[in-house]
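# Observations on the three-dimensional arrangement
Listed here are the chains, written in short residue letters.
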Amino acid sequence: MSETILVTGAAGQLGQRVIHHLIETYKVAPGQIIAATRSPEKLAELANKGVVTRKADFDDAAGLEKAFAGVDRLLIISTDALDTPGKRLAQHKAAVAAAAKAGVKHIAYTSMPAPDDSLVTFAPDHLGSENAIKASGLAYTIIRDAWYHDNYLHSMPHNLQAGKWYSATGDGKVSTISRDDCALAIAAALASGTSDSATYTLTGATSLNNRQIAAIAAEAAGKPLEVVDVNDEQLGQGLRGAGLPGFVADMLVSADANIRAGKFDIVTEDFTKLTGRQPQSLKDFFVAHKAALTASGNAGGH
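Residues numbered from 1 in each chain as written. Predicted model: local features only at pLDDT ≥ 70, side-chain atom pairs only at ≥ 80, totals over all residues. Heavy atoms only, no water.

## Points about the overall build of the protein chain
Threshold: Helix numbering and strand numbering both begin at the N terminus, where a helix is a DSSP run of H or I of at least 4 residues and a strand a DSSP run of E of at least 2. Radius of gyration means the value over C-alpha atoms here, while the globule rule gives 2.2 Å times the residue count to the 0.38 power. Accessible area is worked out with a 1.4 Å probe on protein chains only. A residue is then buried under 20% of its type maximum, exposed over 50%, and partly exposed in between. Any two residues whose heavy atoms approach within 4.5 Å are treated as being in contact. Using a 1.4 Å probe, accessible areas were evaluated by the Shrake-Rupley method; residue-level cover was limited to the displayed protein chains. Positive: Lys, Arg. Negative: Asp, Glu. His and the chain ends are not part of the count. Note on charges: their place is set at NZ of Lys, CZ of Arg, CG of Asp or CD of Glu.
Along the protein chain, the regular secondary structure elements total 13 helices and eleven strands. Taken against the 2.2 N^0.38 rule, which gives 19 Å for 302 residues, the C-alpha radius of gyration of the protein chain at 19 Å falls within 12% of a compact globule. Principal axes of the C-alpha set define a box for the protein chain whose edges measure 55 × 35 × 35 Å. In the protein chain, which comprises 302 residues, the share counted as buried stands at 52%. Counting only contacts in the protein chain whose residues sit at least 6 apart along the sequence, the fraction spanning at least 24 positions is 77%. A total of about 13000 Å² of accessible surface is found on the protein chain, and carbon and sulfur atoms cover 50% of it. The average position of the 28 basic charges and that of the 32 acidic charges among the side chains of the protein chain differ by 3 Å.

Written out as structure tokens, the structure reads:
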């Protein structure tokens, strides 16, 4: 395959792992990969491997068109512009328009499960981005990543230290997957050379409620952990009290509400369809990250 693949957000955690798997797992020649980010100087390590690096700023539409020149397959990793309502969707729409102008043949995009039926604050960004891609007329691969196992590493160390996990998810279940597994499946899709349009939802193999998740974390860390049920308002106050910005607290409350409503209780075999592998279980992920789970003095306090 001699297609050029451009990955936006290449300095971010997901972007780095996607490029890792393109090269190491799927043996794509580094010279066929373009890593793009606002600050290309952060990509020196990739440049040393022979990956082409380019500047791509989602707030600079003309610059994006230049960045996407000569690209066959584009991966748009959703940006982190969550602090200003509407900004992220505007950025993604600009990237899709630039891709169409630059003659890109295929767009891949990282979305979230069921963005059309979601309580999560940023779901409309994803739905709008998916619709913009479909409206562009270009072939596409939409990859809807479930909640990451990795997200628990922000809050779980604090919970385990306190012995209490304040949760508003009720009896709702969620199927989570590791960020690295998402990167592996995205790389598989990018390396496949497909010209078909498809939407995949990447999830773990099982759905779990918060008490099951707490038990898995407690066992992996060797510490007791009790789930304390709270409502949305109490959770939001606690998160703000711990110093989180309002939009982050609102997002986390909305994610718990989405789980409680059963809207993250989605299990598919799309990961296996793309990779031929089984996703890493939450238990194995926690065991592998025991040091992070049992780290003391973890910042973030939620």
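This is not the end of the story, as more comes after the structure.
## Points about the nonpolar core
Put simply, the rule is: Side-chain atoms within 4.5 Å link the members of a nonpolar core, which is a set of buried Ala, Val, Leu, Ile, Met, Phe, Trp, Tyr and Cys residues.
Ranked by size, the top nonpolar core spans 37 residues in total, and within it Tyr152, Met156, Trp165, Ile213, Leu225 and Phe286 carry the most contacts. Broken down by element, this core gets its largest block of residues, seven residues, from helix H8 (residues 210-221). Counting 34 residues, the second-largest nonpolar core is a separate cluster that includes Val51, Ala185, Leu190 and Tyr200.

## A few points about the layout of surface pockets
Any space left empty among the atoms is revealed by the rolling of a water-sized probe across them. We apply this condition: Definitions used for this entry: grid spacing 1 Å over protein atoms alone; cavity, a set of points where a 1.4 Å probe fits but cannot get out; pocket, an open set with protein on both sides within 12 Å along at least 5 of 7 lines; lining residue, one with an atom within 4 Å of a point. Grid points are joined across faces, edges and corners, and a volume is the space filled by probe spheres set on the points. Ten residue types, Ala, Val, Leu, Ile, Met, Phe, Trp, Tyr, Cys and Pro, are classed as nonpolar, four, Asp, Glu, Lys and Arg, as charged, and the remainder, Gly among them, as polar.
Size it by volume and the second largest pocket reaches roughly 260 Å³. Lining the second largest pocket are 13 residues, and of these Gln16, His20, Glu45, Leu46 and Lys49 sit closest to its centre. Of all elements in the fold, only helix H1 (13-24) and helix H2 (44-48) reach the threshold of two or more residues within the lining of the second largest pocket. Looking at which element gives the most residues to the lining of the second largest pocket, the answer is H1, with five residues. For the lining of the second largest pocket, the residue count by class is seven nonpolar, two polar and four charged.

## Examining the packing of aromatic side chains
Counted only if it meets this: Pairing of aromatic side chains here covers Phe, Tyr and the six-membered ring of Trp, requires ring centres within 6.5 Å, and sorts the geometry by plane angle: under 30 degrees stacked, over 60 edge-to-face, intermediate tilted. Whether a charge sits over a ring depends on NZ of Lys or CZ of Arg being within 6 Å of the ring centre and within 35 degrees of the ring normal.
One pass over the full model with this rule turns up four aromatic pairs. Taking 6.2 Å as the distance between ring centres and 65 degrees as the angle between the ring planes, the aromatic pair formed by Tyr152 and Phe286 counts as edge-to-face. Of the two residues, Tyr152 sits in helix H6 (residues 152-162) while Phe286 sits in helix H12 (residues 282-288), which places them 134 residues apart along the sequence. An identical accessibility class is assigned to Tyr152 and Phe286; each is buried. Centre to centre, the rings of Phe285 and Phe286 are 6.3 Å apart; their planes meet at 55 degrees, and the pair counts as tilted. With respect to class, Phe285 is no different from Phe286; both count as buried. Aromatic rings pair up to connect Tyr152, Trp165, Phe285 and Phe286 into one cluster. Seen from the ring of Phe122, Arg88 lies directly overhead, with NZ or CZ sitting 5.2 Å from the centre.

## Points about the confidence of the model for the protein chain
The cut-off we apply is this: Note: pLDDT gives the predictor's confidence per residue, expressed from 0 to 100.
Mean pLDDT for the protein chain: 95, with 97% of residues reaching 70 or above. Below pLDDT 50 for its whole length, residues 298-302 participates in 17 contacts with residues either more than four positions away or in separate chains.

## So, the packing of helix H9 (residues 232-241) against helix H10 (residues 246-260)
Keep this limit in mind: Note on geometry: axes are lines fitted to C-alpha atoms, helical ones only across the stretch in contact, with angles between N-to-C directions running from 0 to 180 degrees. Handedness of a crossing follows from how the near helix is turned relative to the far one, being left-handed for an anticlockwise turn of less than a right angle and right-handed for a clockwise one.
Where H9 meets H10, the closest approach of the two axes is 9 Å, and the angle between their N-to-C directions is 145 degrees. As for the relative orientation of H9 and H10, their crossing is right-handed in sense. Across the interface between the two elements, Asp232, Leu235, Gly236, Leu239 and Arg240 from H9 touch Gly246, Ala249, Asp250, Leu252, Val253, Asp256, Ala257 and Arg260 from H10. Here the contact of H9 with H10 is composed, by residue class, of six nonpolar, two polar and five charged.

## Quick word on the pairing of strand S7 (residues 164-167)
The cut-off we apply is this: Two strands make a pair as long as DSSP finds a minimum of two bridges between them.
Side-chain alternation along S7 places Trp165 and Ser167 on a buried face and Lys164 and Tyr166 on a face that remains uncovered. Judged from the four bridges that link them, S7 and strand S11 (residues 226-229) form a sheet pairing that is parallel. Across the sheet, the residue bridging to Lys164 is Glu226, located in S11.

## Here's the deal with H9
Every α-helical turn comprises 3.6 residues, leaving residues that sit three or four positions apart pointing alike. The line we're drawing: Working note: the arc is built from the helix axis to C-beta atom directions. Counted as a polar contact is a pair of N or O atoms within 3.5 Å, where, for protein atoms, one must be capable of donating a hydrogen and the other of accepting one, and residues adjacent in sequence contribute only when both atoms are in side chains.
Among all positions in H9, only Leu235, Gly236 and Leu239 are buried. For H9, the buried positions fall inside an angular range of 100 degrees around the axis, keeping them on one side. Residues of H9 that are exposed and point over 90 degrees away from its buried face: Glu233, Gln237 and Gly241. Looking at the buried positions of H9, the neighbouring elements they touch are S7 and H10. A distance of 3.1 Å separates the backbone nitrogen of Glu233 from a side-chain oxygen at the start of H9, and that oxygen is part of Asn231. Once H9 finishes, Gly243 follows within two positions and takes phi at roughly 95 degrees, a positive value.

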